[in-house]
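Spelled out, the chains give:
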Amino acid sequence: MDSVDFIVVGQGIAGTTLAWALRWRGARVVVIDRAEAATASRVAAGLITPVTGQRLAKTWRLEPLWAAARAFYARVEAETQSSLLSELETVRLFQDTTERAAFVARVDTILKGLVSGPDVPVNATWFDAPHGGFAMVPAGRLDVARYLQVSRDVFARDGGYFVGEIDPERDVELVAGGVRLPRFGIAARGIVFCQGFSAVSNPWFPRVPYNFAKGEILTLRVPGLAESRTIHRGVWFLPIGGETYLAGATYERDALDCEPTPKGREELSARLRSLLRLPFDVTGHVAAVRPIVQDQRPTIGVHPDHPQIGYFNGLGSKGSLQAPFVASQFADFLTANGTIEREIDLARMTR
């Protein structure tokens, strides 16, 4: 039986980032993933914005999260010889005069230093923007699909990546000082479940309250459009090369599956028609379920009775920004070099 330090279950943004953080601390890590095509991480746009929501709120813990993300992804880029994180100019257009007034009331207080405007210009022949808008700084995008792929390549090259499905109840055998996965022939000091939506059926963590949301995203071709910025107004609109763009996303709380729907396509298309003055063609359509816990905070920690079993989830739609900071803190904790902040500690939900 092969002996390693940690087994990470799931190679989404959470599992991938934790695996890197543990490796950089000298741990031997094995990542086991189901390699599903449609997961929240694999379809994620990877957008990072400092101002979010209808209330124009500053992103939670923006400064330390951004600093950690920049440093983390730069190190992965250097090790994989790839470009992953782009700092893109991002524009938010006001939906109405009420939203514009809310911005004006906050621009010199809560939002100071994060925005410029209002009245950031957009091309009036391309976009409908009667109420103006503002630019956000810093803002950016992680190429999530590439991040997962180049990371997987490194893990596999080092013998630390396997495709497979773990049954948390039947496959995990507790032993003194660790765990064993007899079916996989692996023993470890600890196992960490980074399962996203699939965590809802994990019997080791039945008390975590979830608030999952399905999201759908379209790929578009917009002939004649040459916008290089990310645009937000009731929908985010992201350039990915040439005349091709991504647009999203819906929020569905009931039908929690990874199937694109006609309803989702039409909802996004209707929002796009109110934003774009140019015709567009839908060339792709994907869906996945966002891993959200009830208080909308990333969550890390270990089982209250079996500390060799860990948990990392709850990144929601902000995983690209939050994952490096949270994974680094968890890696410090797992290697006995740090603690977990109460605000993101699993213990806040299980005790």
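Look a little higher up for the structure.
The model shown is predicted, which means the values in this text are computed figures rather than measured ones.

**Q** Account for the packing of aromatic side chains, with residues named and values stated.
**A** Within a pair of aromatic rings, the relevant descriptors are the distance that separates the centres and the angle that separates the planes. Inspection of every chain in the model, using the stated rule, returns 15 aromatic pairs. On the basis of an interplanar angle of 15° and a centroid distance of 4.6 Å, the ring pair of Phe237 and Tyr245 is categorised as stacked. Judged by its relative accessible area of 0%, Tyr245 falls in the buried class. For the pair Phe312 and Phe330, a centre-to-centre distance of 6.4 Å together with 90° between the ring planes defines the contact as edge-to-face. On the criterion of sequence distance, the pair formed by Phe312 in strand 21 (residues 309-313) and Phe330 in helix 7 (residues 319-334) is long-range, its members being 18 residues apart. Phe312 gets classed as buried once you look at its relative accessible area, which sits at 0%. Of the aromatic side chains, those joined through ring pairs into one cluster are Trp20, Trp24, Phe72, Tyr73, Tyr147 and Phe155. In this structure, Arg70 packs its charged tip against the face of Trp66, placed 4.2 Å from the ring centre.

**Q** Can you break down the nonpolar core residue by residue, with the values?
**A** Leu18, Leu22, Val115, Tyr147 and Phe312 are the most contacted members of the largest nonpolar core, which has 57 residues in total. Listing elements by their share of this core, those giving two or more residues are strand 1 (2-9), helix 1 (13-24), strand 2 (29-33), helix 3 (62-80), strand 9 (133-136), helix 5 (144-157), strand 20 (299-302) and helix 7. Considering every element that reaches this core, the biggest residue donor is helix 7, with 8 residues. The residues touching Leu22, leaving out its near neighbours within four places in the chain, are Phe6, Val8, Ala27, Val29, Ala331, Leu334 and Thr335. Membership of the second largest hydrophobic core comes to 25 residues, among which are Ile7, Leu181, Ile186 and Leu346.

**Q** Which residues make up the pattern of salt bridges, and what values go with them?
**A** Inspection of every chain in the model, using the stated rule, returns 27 salt bridges. The partner of Asp2 in a salt bridge is Arg28, and the shortest N-O contact between them spans 3.0 Å. On the criterion of sequence distance, the pair formed by Asp2 in strand 1 and Arg28 in the loop between helix 1 and strand 2 is long-range, its members being 26 residues apart. Where Arg189 meets Asp5, a salt bridge forms, and the shortest distance between an N and an O atom there is 3.4 Å. You can see Arg189 sitting in strand 14 (residues 186-193) and its partner Asp5 sitting in strand 1, a full 184 residues away along the chain. Classification of Arg189 as partly exposed rests on a relative accessible area of 40%. Three or more residues are tied together by salt bridges with common partners; here these are Arg23, Arg157 and Asp158.

Each value, and the rule that gives it
- Residues numbered from 1 in each chain as written.
- Predicted model: local features only at pLDDT ≥ 70, side-chain atom pairs only at ≥ 80, totals over all residues.
- Heavy atoms only, no water.
- Phe/Tyr/Trp six-rings, centres within 6.5 Å; stacked < 30°, edge-to-face > 60°.
- Buried < 20%, exposed > 50% of the residue type's maximum accessible area, 1.4 Å probe, protein only.
- Helix = DSSP H or I, 4+ residues; strand = E, 2+ residues; numbered from the N terminus.
- Lys NZ or Arg CZ within 6 Å of the ring centre and 35° of its normal.
- Core = buried A, V, L, I, M, F, W, Y, C linked by side-chain atoms within 4.5 Å.
- Contact = heavy atoms within 4.5 Å.
- Salt bridge = Lys/Arg side-chain N within 4 Å of Asp/Glu carboxyl O.

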